[in-house]
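# A look at the structure
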Amino acid sequence: MKIPDTRSFVLCALLGASLVLPAGAIAQSDTESGFPGDSNPFVRKTRTDSLDAIFNPATLGETTLEFTLDEWNTLLGYYDRNPRNETEVSGTYSFVKDGRVWRFEQTGIRLRGNTSRRRPEGSEGQPHNPASPAWHQAHFKADFEEMLGEDADRKMSGAMDGVILKWFKDDANHVREIYCYNLFRSFGVWTAPRAAYTSLSLKVGGASARYGVYAMVEDIDKQFIKARKGDGLFKSDKGDLWKCTWASGDGAPLTSDSLYSIGVEEISLNEYESRRFNYDLKTNKGDLAAATERLKAFVGELEALQKKKPADVKAWFEEHTDAELLIRTLAVNVACGMWDDYWSNKNNYYIYFDSDGKFYVLPYDYDNTLGVSLGNFGDAGTKNPLKWGPSSDRPLVNALLSVPEYRDRYIACLKELADPKKDLFNADASRKRIETWHRLIRGRIANDTDGLQALDDYPADWGSTPFYRLLTGDDKTNFFRAKAKAIQKLK
């Protein structure tokens, strides 16, 4: 239920917006007050404009998650029963940015993450300690609808029904995920999530904690698809969305022998009862059998392309996807040094099959990038961008780059990204962008969790290339310069 509010007229006037909205616009009032205590300003006319405003990386948001003592202790108890659980507790989500306030009571809040997931306070079995809480930064997900049942329709600015909050684990620069997602979008990859900075505070009963600066990331779900419908974008939000990861075996290479792990995940507080899949269906869950057959048919076509002539492969891509978009996605992915991806590690991507028969690859999870390398992968800065992953068993990339025109276009995109005259990936432009973000967040890094109070220019300490820097160094020690040098060698 949405109750009109006369303040919407004032807001529209302040924004210089017409009250006559275009087709596809958000025709809702300034404040959504169908739930007690909620407020939700609609900052722009369309989903796209609203999301761009919410995720504007040039300004710092202020996020507060508030819990009763019982709900917080329940969250800690869920972690103790199963650290990988996805069971939500009820809390209040508040977000302030650019003078606007979003507030949602009865928000479903849970912990998230894979290897980076951890307990946000104390040790196993310990409830909240109001006298001396031992806080730990942790990833959270806020869901505005989950606690309200299947019929709930509560979206932030009419554009999203939840948000991801990620601490900068292993990233002393506090920049990698923000940088990568914004580079994707600057390079025309509209299928990438948006990301921006927010400071995060927690309130538990009467206690408050500063959790420091977080990355606020757009969740990839049905609302994500809806926000990207339109001319030249997705045709429909009714297609199959698959999350492709290492959830239950050896990754998701889009090969027929990997399709043993397909399904709709079911996560229990008892991990032994949980069901996880490398190919996890996120939409049309009630029609898993049909979606599975469509995925298998797609993989079969990909594998058949390995034996076809380049002209036939090109014709297939032109019919089944936006080839330029796919090439740009691949180029940014490799430029950023993302080794935990489809091409190298068979991991961390979504694939969406639109109603018109076209597919789209959606990039995901870019925290271990920009100089973070894993030993068995090699050096993400100097590695040949044409040999990023195996030469076999990756039918999507192998088929794409088997077309000479696409291979040349991929190289051209990499060189455009690294062009010193363009404000994209080159070292000087990247340094200035990062320094601007650092000025924005520097005063808010201090927190009450683990004493992290400074911005430092080095990658994850578990990586195999600890010498890379983002703000200083030459073509051997600065990641952007090392990558540009590797790109310039391509022919």
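What counts, and where the lines are drawn
- Residues numbered from 1 in each chain as written.
- Predicted model: local features only at pLDDT ≥ 70, side-chain atom pairs only at ≥ 80, totals over all residues.
- Heavy atoms only, no water.
- Helix = DSSP H or I, 4+ residues; strand = E, 2+ residues; numbered from the N terminus.
- Rg over C-alpha atoms; globule rule 2.2 N^0.38 Å.
- Contact = heavy atoms within 4.5 Å.
- Areas by Shrake-Rupley, 256 points an atom, 1.4 Å probe, with all protein chains shown as cover.
- Salt bridge = Lys/Arg side-chain N within 4 Å of Asp/Glu carboxyl O.
- Buried < 20%, exposed > 50% of the residue type's maximum accessible area, 1.4 Å probe, protein only.
- Pairing = 2+ DSSP bridges.
- Axes fitted to C-alpha atoms, helices over the stretch in contact; angles between N-to-C directions.
- Left-handed = near helix turned anticlockwise from the far one by under 90°.
- Nonpolar A, V, L, I, M, F, W, Y, C, P; charged D, E, K, R; others polar.
- Polar contact = N/O pair within 3.5 Å; in protein donor to acceptor, adjacent residues only side chain to side chain.
- Disulfide = S-S within 2.5 Å.
- pLDDT = per-residue confidence, 0-100.
- Core = buried A, V, L, I, M, F, W, Y, C linked by side-chain atoms within 4.5 Å.

## Observations concerning the overall build of the protein
- Helix and strand content of the protein: 13 helices and 12 strands.
- By the compact-globule yardstick of 23 Å for 491 residues, the protein fits well, its C-alpha radius of gyration being 23 Å.
- Dimensions along the principal axes, computed over C-alpha positions, put the protein at roughly 65 × 55 × 45 Å.
- Across the protein, contacts joining residues at least 24 apart in sequence account for 70% of those joining residues at least 6 apart.
- Per element, the accessible surface of the protein, about 20400 Å² overall, is 49% carbon and sulfur.

## Focus on the pattern of salt bridges
- Considering all chains together, one arrives at 33 salt bridges under this definition.
- The closest approach of N and O atoms between Lys 238 and Asp 237, which form a salt bridge, is 3.9 Å.
- The exposure class assigned to Lys 238 is exposed, which follows from its relative accessible area of 55%.
- Of the charged contacts, one joins Asp 428 and Arg 481 as a salt bridge, the two residues approaching to 3.1 Å between their closest N and O atoms.

## Here we look at the sheet that holds strand S9 (residues 262-263)
- The mixed open sheet is built from 5 strands, whose spatial order is S9-S10-S8-S11-S12. Whereas interior strands pair on both sides, the edge strands pair on one side only; in this sheet they are S9 and strand S12 (359-363).
- As judged from the 5 bridges shared by strand S11 (residues 349-353) and S12, these two strands associate in the antiparallel manner. Looking across to S12, one finds that Tyr 352 is bridged to Tyr 360.

## With respect to the packing of helix H11 (residues 404-418) against helix H13 (residues 479-488)
- The geometry of H11 relative to H13 is characterised by a closest axis approach of 10 Å and an angle of 145 degrees between their N-to-C directions. The handedness of the crossing between H11 and H13 is left-handed. Along the contact surface, H11 presents Leu 414, Lys 415 and Ala 418, while H13 presents Ala 484, Ile 487 and Gln 488.
- When its residues are assigned to classes, the contact of H11 with H13 shows 4 nonpolar, 1 polar and 1 charged.

## Here we look at the sheet that holds strand S4 (residues 140-143)
- The sheet built from 7 strands closes into a barrel, its strands ordered S1-S2-S3-S4-S5-S7-S6 with mixed pairing. On average, each strand axis in the sheet is inclined to that of its neighbour by 35 degrees, with strand direction left out of account.
- With 4 bridges connecting them, strand S3 (residues 100-111) and S4 associate as antiparallel partners. Counted as the bridge partner of Gly 108 is Asp 143 from S4.

## Things to note about the environment of Arg 176
- The topology assignment puts Arg 176 in helix H4 (residues 176-186).
- Once the C-alpha coordinates of Arg 176 and Ala 215 are considered, the two residues, 39 residues apart in sequence, prove to be 9.7 Å apart.
- Only 3.1 Å separates the side chain of Arg 176 from the backbone oxygen of Leu 370, close enough to count as a polar contact.

## What about the state of the cysteines?
- Tallying each qualifying case throughout the model produces 0 disulfides.
- Counting only cysteine sulfurs, Cys 336 is the nearest neighbor of Cys 180, a cysteine outside any disulfide, at a range of 3.6 Å.
- With relative accessibility at 0%, the residue Cys 180 sits in the buried group.
- With no disulfide of its own, Cys 413 lies closest to Cys 336 among cysteine sulfurs, the gap being 13 Å.

## Some words on the confidence of the model for the protein
- Here the protein averages 90 in pLDDT, and 92% of its residues register 70 or above.
- Taken as a whole, residues 1-34 scores under 50 in pLDDT and shows 55 contacts with residues more than four places along the chain or in a different chain.

## A look at the nonpolar core
- With 102 residues, the main nonpolar core has Tyr 179, Trp 242, Leu 254, Tyr 279, Phe 317 and Phe 359 as its most contacted residues.
- Sorting elements by how many residues they give to this core places helix H8 (residues 323-335) first, with 9 residues.
- Sequence-distant contacts of Tyr 179, defined by excluding residues within four places in its chain, comprise Cys 336, Leu 370, Leu 424, Phe 425, Ser 430, Arg 433, Ile 434, Trp 437 and Phe 480.

## Observations regarding the environment of Leu 490
- Residue placement: Leu 490 occurs in the segment after H13.
- Using a relative accessible area of 5% as the deciding quantity, one classes Leu 490 as buried.
- Placed 395 residues apart in sequence, Leu 490 and Phe 95 show a C-alpha to C-alpha distance of 45 Å.
- Other than its neighbours up to four places away in sequence, Leu 490 contacts Asn 384, Pro 385, Leu 386, Ile 411, Leu 414 and Lys 415.

## What about the pairing of strand S8 (residues 240-244)?
- Among the 5 residues of S8, 4 are classified as buried, and the element is accordingly described as predominantly covered.
- By the bridge criterion, 5 bridges tie S8 to S11 in an arrangement that is antiparallel. Following the sheet pairing, Trp 242 is matched in S11 by Ile 351.
- Sheet analysis places S8 next to strand S10 (residues 279-281), joined by 3 bridges and oriented antiparallel. Its bridge partner being in S10, Lys 243 is matched across the sheet by Asp 280.

## A few points about the pairing of strand S2 (residues 89-97)
- Extensive coverage of S2 is indicated by the burial of 7 of its 9 residues.
- Pairing between strand S1 (residues 61-67) and S2: 5 bridges, direction antiparallel. Residue pairing in the sheet places Thr 64 in a bridge with Ser 94 of S2.
- Across 8 bridges, S2 lies against S3 in antiparallel orientation. Opposite Val 96, over in S3, you have Val 101 as the bridge partner.
- Between the end of S2 and the start of S3, which pair antiparallel, lie 2 residues, with Asp 98 showing a positive phi angle near 50 degrees.

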